[in-house]
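Now for the letters of each chain:
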Amino acid sequence: MATTTFLTPSTSKLELRTAYGPVFRDVINLPPRDCTPDEIPIIDLSPLYSSKVEERKALAEEIRRAAVNTGFFYIKNHSIKNETIANAKKQLLTPGESVDVKESMGWRYSPQYDPDTKPLDAIPDEVKPWIRGEEFVWEGTSHLPDFKEEVLAYWAACLTLSRKLVQIFALSLDLAEDYFDSRTTYPGADGVFNYYPTTTEEEKANNSVGLGSHTDLQLFTLLWQDMTGGLQVLNRDGQWIKAVPVEGTIVVNIGDFMMRLCNDIYKSTVHRVYNRSTVERVSMPFFFGLNFNCVEGVVPSCTSLENPPKYEPISCGDWCQLRFKLENDEMSKRLAKETQAPGAVTVTAY
């Protein structure tokens, strides 16, 4: 009688940098596959603007299921106009500025561009140290027609959407709908443009990635990606799955600080970018978080006697700085090693 043998795929260790040092994940050695609708669902955001709290709570429950499962979901009917997205993408691909090299361009929150206008002379003292003017971004691109206006229009639309979406996240955690409102008046709101050129044969042979494995730092990320594809997510079983582009949607993923706030109920999931296409790829992520001076521990609804807080309170800004410092230290060590004389030997001092 014939027998069937099932072979268990081997696994590899993936090292990740975190604010508290490296951690390791087991990854199944199988080719990435397309995600299923259960793994990365498409969520209709239309109820976000409903006057009925029951409809907003139903939306919150959908988001909670996705956040607990993979920590990734698509959103449709998100209110960001197609024209706004198209104009921003056009500026990303301005000839002579982005398409000639592999690069990213980023900028941070600045109150004078906030769509929720507020007096610039009334910024609280505790907030001011965290607001770093980056006018050089706009000064350096001032020769490009409509660049600043069209890029900031996309950024402002993402910020407006994020402030609405964080209210639904509050409901999903059994908090008051306005729980985060006072904590996102001067938020972490980073815009980034990413350009990935076509992959060379050498890069394919070396299995090069466009953006290495990582998690995001703040509350959540909004990601507009073109239809080229390339985003991959490490699911709870340890397999890479493809977040296949869906026309008209934006990808949302949970960040590390959100995961802390809810005592690890929601998942900040590892992801990466591979561009194996014969055409270039572009994406426009927007990273949203609390005011950087805002000190938060685990929110009250996510703790109990049986499930005490796993994390001490920390400000969102200090949390981000922990990982930035770690990454800078790692970069310095790597550069020092690369620039070491060929015949030099590192000797440990005692």
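Quick note: structure is the one above.
A. Molecular detail of the nonpolar core. Counting 73 residues, the largest nonpolar core has Trp-155, Phe-169, Leu-219, Phe-220 and Leu-222 as the members making the most contacts within it. The greatest single-element share of this core, amounting to 15 residues, is contributed by helix α4 (residues 147-172). Setting aside its immediate chain neighbours within four residues, Phe-220 contacts Ser-162, Leu-165, Val-166, Phe-169, Val-252, Asn-253, Gly-255, Met-258, Phe-286, Phe-287 and Phe-288. Residues Tyr-74, Leu-223, Ile-241 and Val-251 belong to the second largest nonpolar core, which totals 12 residues.

B. Highlighting the packing of aromatic side chains. Evaluated as defined, the whole model comprises 11 aromatic pairs. Ring centres 6.4 Å apart and planes at 85° place the aromatic pair Tyr-109 and Tyr-186 in the edge-to-face group. Here Tyr-186 lies in the loop between α4 and β7 (187-196) and Tyr-109 lies in the loop between β6 (103-107) and α3 (135-139), a separation of 77 residues in the sequence. Overall, the relative accessible area of 5% leaves Tyr-109 in the buried class. Residues Trp-138 and Phe-147 carry aromatic rings whose centres are separated by 6.5 Å and whose planes lie at 50° to one another, so their mutual orientation is tilted. The same class applies to Trp-138 as to Phe-147, namely buried. The cationic tip of Arg-272 hangs over the ring face of Trp-240; the distance from NZ or CZ to the ring centre is 3.9 Å.

C. Representation of the pairing of strand β9 (residues 220-225) within the structure. With six of six residues buried, β9 lies mostly within the body of the structure. Both faces of β9 are covered, namely the face carrying Phe-220, Leu-222 and Trp-224 and the face carrying Thr-221, Leu-223 and Gln-225. Where β9 and strand β12 (residues 250-254) come together, four bridges link them in antiparallel fashion. Residue pairing in the sheet places Leu-223 in a bridge with Val-251 of β12. With six bridges connecting them, β9 and strand β14 (residues 281-291) associate as antiparallel partners. Within the sheet, the bridge partner assigned to Phe-220 lies in β14 and is Phe-288.

D. Inspection of helix α2 (residues 82-92) at higher detail. Along α2, the residues classified as buried are Thr-84, Ile-85, Ala-88, Gln-91 and Leu-92. Here the buried residues of α2 occupy an arc of 125° about the axis, which is enough to place them on one side. Those residues of α2 that are exposed and angled more than 90 degrees off the buried face are Asn-82 and Glu-83. Along its buried surface, α2 packs onto α4, β7, β9 and β14.

E. Region of the structure containing the pattern of salt bridges. According to the stated counting rule, one finds 12 salt bridges in the structure shown. A salt bridge links Glu-134 to Arg-108; its shortest N-O distance comes to 3.9 Å. Residue Glu-134 is located in the loop between β6 and α3, and its partner Arg-108 is located in the loop between β6 and α3; the two are separated by 26 residues in the primary sequence. Using a relative accessible area of 31% as the deciding quantity, one classes Arg-108 as partly exposed.

F. Fine view of the state of the cysteines. Tallied over the entire structure, the rule returns zero disulfides. Not engaged in a disulfide, the cysteine Cys-302 finds its nearest cysteine sulfur in Cys-262; these two sulfurs lie 5.3 Å apart. For Cys-302, a relative accessible area of 4% puts it in the buried group. Its sulfur unpaired, Cys-316 is 4.6 Å from the next cysteine sulfur, which belongs to Cys-320.

G. Structural detail: the environment of Leu-45. Mapped onto the elements, Leu-45 comes out in the loop between β4 (42-44) and α1 (53-69). Along the chain, Leu-45 and Ile-75 lie 30 residues apart, while their C-alpha atoms are 6.3 Å from each other. Discounting residues that sit within four places of it in the chain, Leu-45 has contacts with Leu-59, Ile-75, Lys-76, Asn-77, His-78, Leu-161 and Leu-165.

About the thresholds
Numbers given for residues are sequential positions, taken from 1 along each chain in its written order. With pLDDT at 70 or above as the cut-off, local features in this predicted model cover only qualifying residues; side-chain atom pairs require 80 or more to be listed or tallied, and sums for whole chains, interfaces and linings still use all residues. Hydrogen atoms and water are omitted, and side-chain values are computed over all heavy atoms in the structure. Here, nonpolar core refers to any group of buried Ala, Val, Leu, Ile, Met, Phe, Trp, Tyr and Cys residues whose side-chain atoms link them within 4.5 Å. Exposure categories follow from relative accessible area, calculated using a 1.4 Å probe and restricted to protein chains: below 20% of the type maximum is buried, above 50% is exposed, and the middle band is partly exposed. Numbering of helices and strands runs from the N terminus; a helix is a DSSP stretch of H or I covering at least four residues, while a strand is a stretch of E covering at least two. Contacts: residue pairs with any heavy atoms within 4.5 Å of one another. Pairs were defined over the aromatic rings of Phe, Tyr and Trp, the Trp ring being its six-membered one, requiring ring centres within 6.5 Å. Orientation was assigned from the angle between planes: stacked under 30 degrees, edge-to-face over 60, tilted for the rest. Distance and angle both matter: a charge sits over a ring if NZ of Lys or CZ of Arg is within 6 Å of the ring centre and within 35 degrees of the ring normal. In this analysis, strands are considered paired if DSSP registers two or more bridges between them. This arc is built from the directions going out from the helix axis to the C-beta atoms. We define a salt bridge as a contact between a side-chain nitrogen of Lys or Arg and a carboxyl oxygen of Asp or Glu at a distance within 4 Å. To count as a disulfide, a pair of cysteine sulfur atoms needs to be within 2.5 Å.

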